[in-house]
Amino acid sequence: MKFSSNAFQPRQLYVVFLFLFSFFSAIFCGYTKVNNLFHLAAIFFTIALYRNADLRLTFSLNHEVRRGLGLTAAMLCYFAFSNLWSNDPANIESTLTHSVYLLLYLTMLISVLNGAKRDLLFTVITLGLTLLCLYSLVFDHQEILVSRQVSKSNPGPGNVIDLAGLAGIGIFLSLIVFREKRRLVILAVIPILLGTMLLTQSRGPMISLFIALLITQSYRHLKLKHAAYFLIALVAVSTVILSSEIGQLLLTRFEEMYTQSSLRLSIWRHIFELVGQSPYFGYGFNYELSFTNYSGEYIRTTHSLYWGALLKGGIVGLALLMAVLSYSALLALRRMRDGMRLEAALFIFILLFYTSQGMFVVGNPSESWYLFWFPLAVIMTTRVKPNAS
């Protein structure tokens, strides 16, 4: 029996395992068995990178990718070394490991998204997110609706805001696939994804979704009849939603926005006072917020990625994060000029989403890998031209 010398193909294997990881991690957030798929993909990718000169050239010759990954690596390294002035310097090993994971994740995504399997990866992720949302609608409907919490049996993220954010990611990806393939069937997932966002009653993700789509659309060829159709559809959908139980709860949530904004502002004011005591380098990566708010609520999160970066890394850490996001914003403008408005909208969505959510995004595979790192990889890549395949 003869075996082909090409039987071992690490480049094909890492793509297979990356697709498997992308699908299952969209459903099962942070599960060890799913994370093992990422580890396998990373191992085969590293082997492929070592053995395949063409694969290495795809990164070294791409100036946008090289600069984007360079800025990201600088930010990750800084926050890893910020453990040295935290209350647990030994945590630097864990943070460096997670930083390497994230860089491998970004490079693997970029290598696939810059190739012919771009739309297939988007489709796989969309299906995974749709299944998660479908599970939440069927089995967690009452708990999310009444208490705005997900059950312990839910395989997704531990809070409804992140669940709504993942649903938003799915909406953007389904629209991108429809734009490229013109297959109406992919749009069938949008009611499930949008329904999940409404069920969570999360204002931030919904507002972020609306603003991102609004400011990235082309109005050059907009006619009066198009605006009329949009307004009629908006009124019809709003009437249906507001006449339902979810609509009434959602309306109440928006009416409470002033009170909730005051709570967030009080948290950020407290963070600002803390930052004033260590402004340049912050308190280190491992620092955790811990205080009781004026409302009597025990606070452990900054409710903002940007405030979290400032608290942990000081002005230097926030500047490095802003460097990554500013360069990505520049790429988003280029993508818009190239007709990739939905990719730019996806990036704007996560920028807005994290203004009032989260604390930081460096760690093991979790929902933040989709809500922050995945859109970064998307904006660093371009779609394959018709004659490129």
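Not measured: the values here are computed from a predicted model.

A. A look at the overall build of the protein chain. The secondary structure content of the protein chain amounts to 16 helices and two strands. Taking 2.2 N^0.38 as the reference for a compact globule, 389 residues should give roughly 21 Å; the C-alpha atoms of the protein chain span a radius of gyration of 22 Å, in line with that estimate. Along the first, second and third principal axes, the C-alpha atoms of the protein chain reach 70 × 55 × 45 Å. Relative to its 389 residues, the protein chain shows a buried fraction of 49%. Within the protein chain, contacts between residues at least 6 apart in sequence are counted, and of these 76% link residues at least 24 apart. Split by element, the accessible area of the protein chain, about 19,100 Å² in all, is 65% carbon and sulfur. On the protein chain, the mean spot of the 30 positive side-chain charges and the mean spot of the 18 negative ones are 13 Å from each other.

B. How the structure looks around the packing of helix H4 (residues 63–81) against helix H5 (residues 92–113). Interaxial distance between H4 and H5 falls to 9 Å at its minimum, and their mutual angle equals 165°. What the angle tells us is that H4 and H5 run roughly antiparallel. Here H4 runs over H5; the crossing is right-handed. Here H4 contributes Val65, Leu69, Thr72, Ala73, Leu76, Phe79, Ala80 and Phe81 to the contact with H5, which in turn contributes Ile92, Thr95, Leu96, Ser99, Leu102, Leu103, Leu106, Thr107 and Ile110. A class-by-class count of the residues in the contact of H4 with H5 yields 13 nonpolar, four polar and no charged.

C. The packing of aromatic side chains, seen in detail. Per the stated rule, a full pass over the model turns up 27 aromatic pairs. Consider the rings of Phe353 and Tyr354, whose centres lie 5.1 Å apart with planes at 90°: the pair is edge-to-face. Both residues of the pair, Phe353 and Tyr354, count as buried. By way of ring pairs, the aromatic residues Tyr78, Phe79, Trp85, Phe281, Phe285 and Phe360 are connected into one cluster.

D. Region of the structure containing the packing of helix H14 (residues 305–337) against helix H15 (residues 341–353). It is the contact of H14 with H15, at a shortest axis distance of 10 Å, that shows an interaxial angle of 165°. In terms of their interaxial angle, H14 and H15 are classed as roughly antiparallel. Handedness of the crossing formed by H14 with H15: left-handed. Here Tyr306, Leu325, Ser328, Ala329, Ala332, Arg335 and Met336 of H14 lie close against H15, whose contacting residues are Arg341, Ala344, Phe347, Ile350 and Leu351. Classifying every residue of the contact of H14 with H15 gives nine nonpolar, one polar and two charged.

E. Representation of a nonpolar patch on the surface in the model. A contiguous nonpolar patch, built from Phe81, Leu84, Trp85, Leu96, Tyr280, Phe281 and Ile315 and spanning about 710 Å² of accessible area, is present on the exposed surface. Among the structural elements, Trp85 can be located in the loop between H4 and H5.

F. Here's a closer look at the nonpolar core. Tyr14, Tyr105, Phe372, Trp373 and Phe374 are the most contacted members of the largest nonpolar core, which has 100 residues in total. For Tyr14, the residues in contact, after removing those within four places along its chain, are Ala41, Phe44, Phe45, Ala48, Leu55, Met108, Ser111 and Val112. Within the second largest apolar cluster, twelve residues are counted, among which are Leu274, Leu289, Phe291 and Met359.

G. Representation of helix H2 (residues 32–51) within the structure. If you check H2, its first and last C-alpha atoms are 29 Å apart, about what 20 residues at 1.5 Å a residue would give, namely 28 Å. Of all the residues in H2, the buried ones are Val34, Asn35, Leu37, Phe38, Ala41, Ala42, Phe44, Phe45 and Ala48. Looking at the buried residues of H2, the elements they touch are helix H1 (10–27), helix H3 (53–60), H5 and helix H16 (367–379).

H. Structural context of the side chain of Thr107. Along the chain, Thr107 falls in helix H5. Not counting the four nearest positions on each side in its chain, Thr107 is found in contact with Phe45, Phe59 and Leu69.

I. Local environment of the environment of Ser25. Here Ser25 is to be found in helix H1. Overall, the relative accessible area of 10% leaves Ser25 in the buried class. Through-space distance from the C-alpha of Ser25 to that of Leu129 is 9.0 Å; in sequence the pair is 104 residues apart. Ser25 has contacts with Val34 and Tyr370, leaving out every residue within four places of it along the chain. Engagement of the side chain of Ser25 in a polar contact is seen with the backbone oxygen of Phe21, the distance being 2.6 Å.

J. Spatial organisation of the side chain of Asp140. Checked against the element boundaries, Asp140 lands in the loop between helix H6 (118–139) and helix H7 (141–147). Here Asp140 occupies a buried position and makes no salt bridge, while the nearest side chain of opposite charge, Lys152, is found at 12 Å. Within the structure, the side chain of Asp140 is placed 2.9 Å from the side chain of Asn154, a separation counted as a polar contact. Those residues in contact with Asp140, other than ones at most four positions away along the chain, are Tyr135, Val150, Ser151 and Asn154.

Rules and cut-offs
- Residues numbered from 1 in each chain as written.
- Predicted model: local features only at pLDDT ≥ 70, side-chain atom pairs only at ≥ 80, totals over all residues.
- Heavy atoms only, no water.
- Helix = DSSP H or I, 4+ residues; strand = E, 2+ residues; numbered from the N terminus.
- Rg over C-alpha atoms; globule rule 2.2 N^0.38 Å.
- Buried < 20%, exposed > 50% of the residue type's maximum accessible area, 1.4 Å probe, protein only.
- Contact = heavy atoms within 4.5 Å.
- Areas by Shrake-Rupley, 256 points an atom, 1.4 Å probe, with all protein chains shown as cover.
- Lys, Arg positive; Asp, Glu negative; His and termini not counted.
- Charge placed at Lys NZ, Arg CZ, Asp CG, Glu CD.
- Axes fitted to C-alpha atoms, helices over the stretch in contact; angles between N-to-C directions.
- Parallel < 35°, antiparallel > 145°, perpendicular 65-115°, else oblique.
- Left-handed = near helix turned anticlockwise from the far one by under 90°.
- Nonpolar A, V, L, I, M, F, W, Y, C, P; charged D, E, K, R; others polar.
- Phe/Tyr/Trp six-rings, centres within 6.5 Å; stacked < 30°, edge-to-face > 60°.
- Patch = residues over 30% accessible without salt bridge, like charges linked within 9 Å, V, L, I, M, F, W, Y side chains within 5 Å.
- Salt bridge = Lys/Arg side-chain N within 4 Å of Asp/Glu carboxyl O.
- Core = buried A, V, L, I, M, F, W, Y, C linked by side-chain atoms within 4.5 Å.
- Expected span 1.5 Å × (residues − 1).
- Polar contact = N/O pair within 3.5 Å; in protein donor to acceptor, adjacent residues only side chain to side chain.

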